[in-house]
Amino acid sequence: HTGVDTLHEDLAGNMIIGSGFDFYNNDPWAFDDYGHGTCCAGIAAAVGNNSIGISGVAPGCKLIPVKWLSASGNGNYTGAVNATVWSYQKGAWIISNSWGFVGGSSSALDQAITDAVTLGRSGKGSLFVVAAGNENGAMRYPANSHSKVLVVGGISPCNQRKSPSSCDNEPTWGASYGTNIDIVAPCVKIYATDI
């Protein structure tokens, strides 16, 4: 299989067909031309027991692809707000995010996150999950300040915070940290889907 074929087969059974949206290009084709979202989606939900690729942590869950970042990983608060609101209005139970803003908080994004966790799933609330970051220092917004997000920090294969000196031998980066971290998860040397 080529990488694209394997990705299609690994995730195809879990994609909710016709449900995605691309807020960066303003079209219904939420194609991940950066690669990070595809990797994260596969870790979460790649179809299991199909003799190809990997199995996700939750291989039976359904995915709604939403894009608001460019091919180089750039975006703005408006894109993040639109993607958040659209996701919870489409019925997302969990809104998983692996991004953060350096430029401080946004009242519009704060409100969108609060609305998602209170109004999502017909008033039951959607879980808004965000990664702590990869800067080996302070977390970015919204992980660093929003009280209604679930912040996930990163650990190495040796069960320590991923840092430039941790046992994984990847000295160029480390997981961000701070008092807002709620839970930690492995963040390095993980088999994943890729484009």
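Quick note: structure is the one above.
Note on numbering: residues in each chain are counted from 1, in written sequence order. Thresholds applied to this predicted model are a pLDDT of at least 70 for local features of residues and 80 or more for the giving and counting of side-chain atom pairs; totals over whole chains, interfaces and linings are not thresholded and use all residues. For the side-chain quantities, the full set of heavy atoms in the structure was used; hydrogens and water were omitted.

## Quick word on the pairing of strand β5 (residues 150-155)
Working step 1: Note: strand β4 (residues 127-131) against β5, three bridges, orientation parallel. Residue pairing for β5: alanine 131 is matched across the bridge by valine 152.
Working step 2: At least two DSSP bridges between two strands are required for those strands to pair. A run of H or I in DSSP becomes a helix once it reaches four residues, and a run of E becomes a strand once it reaches two; helices and strands are each numbered from the N terminus. Inspection of the sheet shows β5 paired to strand β6 (residues 183-186) by four bridges, in the parallel sense. Of the residues in β6, the one forming a bridge with glycine 154 is alanine 185.

## A closer look at the state of the cysteines
Working step 1: Counting rule for disulfides: a pair of cysteine sulfur atoms within 2.5 Å. Under the definition given, this model contains one disulfide.
Working step 2: Here cysteine 158 engages in a disulfide with cysteine 167; their sulfurs sit 2.0 Å apart. Linking cysteine 158 and cysteine 167, the disulfide has an S-S dihedral of approximately 115° and is accordingly described as right-handed.
Working step 3: The thiol of cysteine 39 is unpaired, and the distance to the nearest cysteine sulfur, on cysteine 40, comes to 5.4 Å.

## Overview of the pattern of salt bridges
Side chains carrying opposite charge are able to pair once their charged atoms draw close together.
Working step 1: Put simply, a salt bridge is a Lys or Arg side-chain nitrogen that is within 4 Å of an Asp or Glu carboxyl oxygen. Under the criterion given, the structure shown has four salt bridges.
Working step 2: For lysine 67, the salt bridge goes to aspartate 22, with nearest N and O atoms at 4.0 Å. On the criterion of sequence distance, the pair formed by lysine 67 in strand β2 (residues 66-67) and aspartate 22 in strand β1 (residues 21-22) is long-range, its members being 45 residues apart.
Working step 3: Across the salt bridge formed by lysine 162 and aspartate 168, the nearest N and O atoms sit 3.0 Å from each other.
Working step 4: Only protein chains enter the calculation, and the probe is 1.4 Å; a residue is then buried if its accessible area is under 20% of its type maximum, exposed if over 50%, and partly exposed in between. According to the relative accessible area criterion, aspartate 168 is buried, its value standing at 2%.
Working step 5: Bridged by salt links that share partners, the residues Asp22, Asp33 and Lys67 form one connected network.

## Focus: helix α4 (residues 107-119)
Working step 1: Given the number of residues in a helix, its expected span is that number minus one, multiplied by 1.5 Å. Over its 13 residues, α4 runs 17 Å from end to end, which matches the ideal 18 Å to within 8%, given 1.5 Å per residue.
Working step 2: Among the residues of α4, Leu109, Ala112, Ile113, Ala116 and Val117 are the ones counted as buried. One side of α4 carries all its buried residues, which in axial view fall inside an arc of 125°.
Working step 3: Throughout, a residue-residue contact means that at least one pair of heavy atoms, one from each residue, lies within 4.5 Å. Elements in contact with the buried residues of α4: α3 (77-89), β3 (94-97) and β4.
Working step 4: Residue arginine 121 follows α4 closely and has a positive phi angle near 50°. This arc is taken over the directions from the axis of the helix to the C-beta atoms.

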